[in-house]
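Architecture at a glance
Residue strings, one per chain:
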Amino acid sequence: MLIKTDRQGVNHPVPSEITGKGVYENRRTLMKLMAGGVAGAALASWASREALAQTPGNVTRPGKLAALTSTPSRLAGALTMDKLTDYKDASTYNNFYEFGTDKADPAQNAHTLKTSPWSVEIEGLVKKPGKYALEDLLKLSAQEERIYRMRCVEGWSMVIPWVGYSLSELIKKVEPMPGAKYVEFVTLADPKTMPFVGSRVLEWPYVEGLRMDEAMNPLTMLTFGMYGEVLPKQNGAPVRLVVPWKYGFKNAKSLVKIRFTDKQPATAWNKAAANEYGFYSNVNPNVDHPRWSQATERRIGEDGLFAKKRKTLMFNGYEAQVGQLYTGMDLKQFI
Ligand code: MTE
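To start, this report covers the structure provided alongside it. (Residues numbered from 1 in each chain as written. Predicted model: local features only at pLDDT ≥ 70, side-chain atom pairs only at ≥ 80, totals over all residues. Heavy atoms only, no water.)

**A word on the overall build of the chain**
Regarding its fold elements, the chain presents nine helices and 12 strands. Counting every position in the chain, which comprises 335 residues, the buried fraction comes to 55%. Across the chain, every contact between residues at least 6 apart in sequence was considered, and the portion connecting residues at least 24 apart equals 74%. Within the structure as shown, the chain displays about 14600 Å² of accessible surface, and the carbon and sulfur contribution to it stands at 56%. (Helix = DSSP H or I, 4+ residues; strand = E, 2+ residues; numbered from the N terminus. Buried < 20%, exposed > 50% of the residue type's maximum accessible area, 1.4 Å probe, protein only. Contact = heavy atoms within 4.5 Å. Areas by Shrake-Rupley, 256 points an atom, 1.4 Å probe, with all protein chains shown as cover.)

Okay, structure coming up:
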């Protein structure tokens, strides 16, 4: 996400170190096993391997996802065959403004975030409101690993294996009322543990929102882990949203509240700059950001001097799964 001081070009990521051979081969083996349909067991043992407790370059990894169950089903279209982004890049080049606005800040500062105990409040137009403990959310549905592209509005992208389940599983369990048209996602704003809460970059807490049919789309994921392990704090532990056809800022981190409402939620970036960040924020190469083109992207890890930019795909490549949600809407108007 960009604030108005132009940070583009200043914040180039540190070029990733080459993934260690052992780590790389473990990943390849896992992917082959997944293709063969035995992903659950493979993921569990893979995640617990000590060899993976550290990445090259000594990035501390949070360890295995204790409640990770199995990955019995794989959604058509949820996978991408693109090369995975290096774990090190995915966990050290982040946007999490509660911990600072520089890409390196979250990895450095987020250790203060207290992720246990944790609960998510479900409220608003819903038949089963309440405070749901993280442990119960983890067990609510079988978890799967899904490899999704993530395209940030700033013009870079990553490919990340997320662990979680479709948000629709939770929504069905809590039974929204017929009047519920939108879902609002509220994230933690704790000035004691989040040094930038209180800064004037954004209004806190960081809030995001989806229309009900977007929230119910099977691609929308309630996410607890990545690369077979629990989410690192800088990536939004212990639970976040991943909506792969929208710009990365829709992926609200460290969720504490999910509210069902009849009104379109006022989202953090829309409140900060409505002409630049709309409610929908679907990835769309044909609609420029007022200050830059959205036609191409830089894939993190491919950023050598001569690396070509990639063409950005409509709905980030997920048009077949989500295009119908926007039939009849002028996507130049509804940004
Ligand atoms: N969630 C919160 N609570 N605070 C944030 O600043 N940044 C968003 C999104 N979720 C943000 C957030 C933006 S701009 C992006 S691109 C993604 O998180 C980045 O997710 P990642 O760091 O895991 O790649």
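**Examining the site of the ligand**
Close to the ligand lie 17 residues; Asn-94, Tyr-97, Glu-98, Arg-240 and Lys-253 are nearest. Residue Asn-94 places a side-chain N or O atom 2.8 Å away from an oxygen atom belonging to the ligand. Contact distances for the ligand include 3.4 Å between a nitrogen atom and a side-chain N or O atom of Thr-187. A class-by-class count of the residues in the shell around the ligand yields eight nonpolar, six polar and three charged. (Near = heavy atom within 4 Å. Polar contact = N/O pair within 3.5 Å; in protein donor to acceptor, adjacent residues only side chain to side chain. Nonpolar A, V, L, I, M, F, W, Y, C, P; charged D, E, K, R; others polar.)

**Some words on the packing of aromatic side chains**
All chains considered together, the criterion is met by 13 aromatic pairs. Considering the side-chain rings of Tyr-280 and Tyr-326, the 6.1 Å spacing of their centres and the 90 degrees angle between planes classify their relative orientation as edge-to-face. Note that Tyr-280 is positioned in the loop between helix H8 (268–272) and strand S11 (296–299) and Tyr-326 in the segment after helix H9 (319–322), a separation of 46 residues in sequence. Across the pair, Tyr-326 and Tyr-280 agree in class, each one buried. Taken together through their ring pairs, the aromatic side chains of Tyr-182, Phe-279, Tyr-280, Phe-315, Tyr-326 and Phe-334 make up a single cluster. (Phe/Tyr/Trp six-rings, centres within 6.5 Å; stacked < 30°, edge-to-face > 60°.)

**Description of the pairing of strand S3 (residues 144–151)**
Within a regular beta strand, the side chains point alternately toward one face of the sheet and then the other, so they alternate between its two faces. Among the eight residues that make up S3, eight are buried, leaving the element largely enclosed by the rest of the structure. Where burial is concerned, the two faces of S3 agree: the one with Glu-144, Arg-146, Tyr-148 and Met-150 and the one with Glu-145, Ile-147, Arg-149 and Arg-151 are both buried. One ladder, built from eight bridges, connects S3 with strand S4 (residues 156–166); its direction is antiparallel. Looking across to S4, one finds that Arg-146 is bridged to Trp-162. Hairpin connection, S3 to S4: the antiparallel pair is bridged by four residues, and Gly-155 has positive phi, about 110 degrees. (Pairing = 2+ DSSP bridges.)

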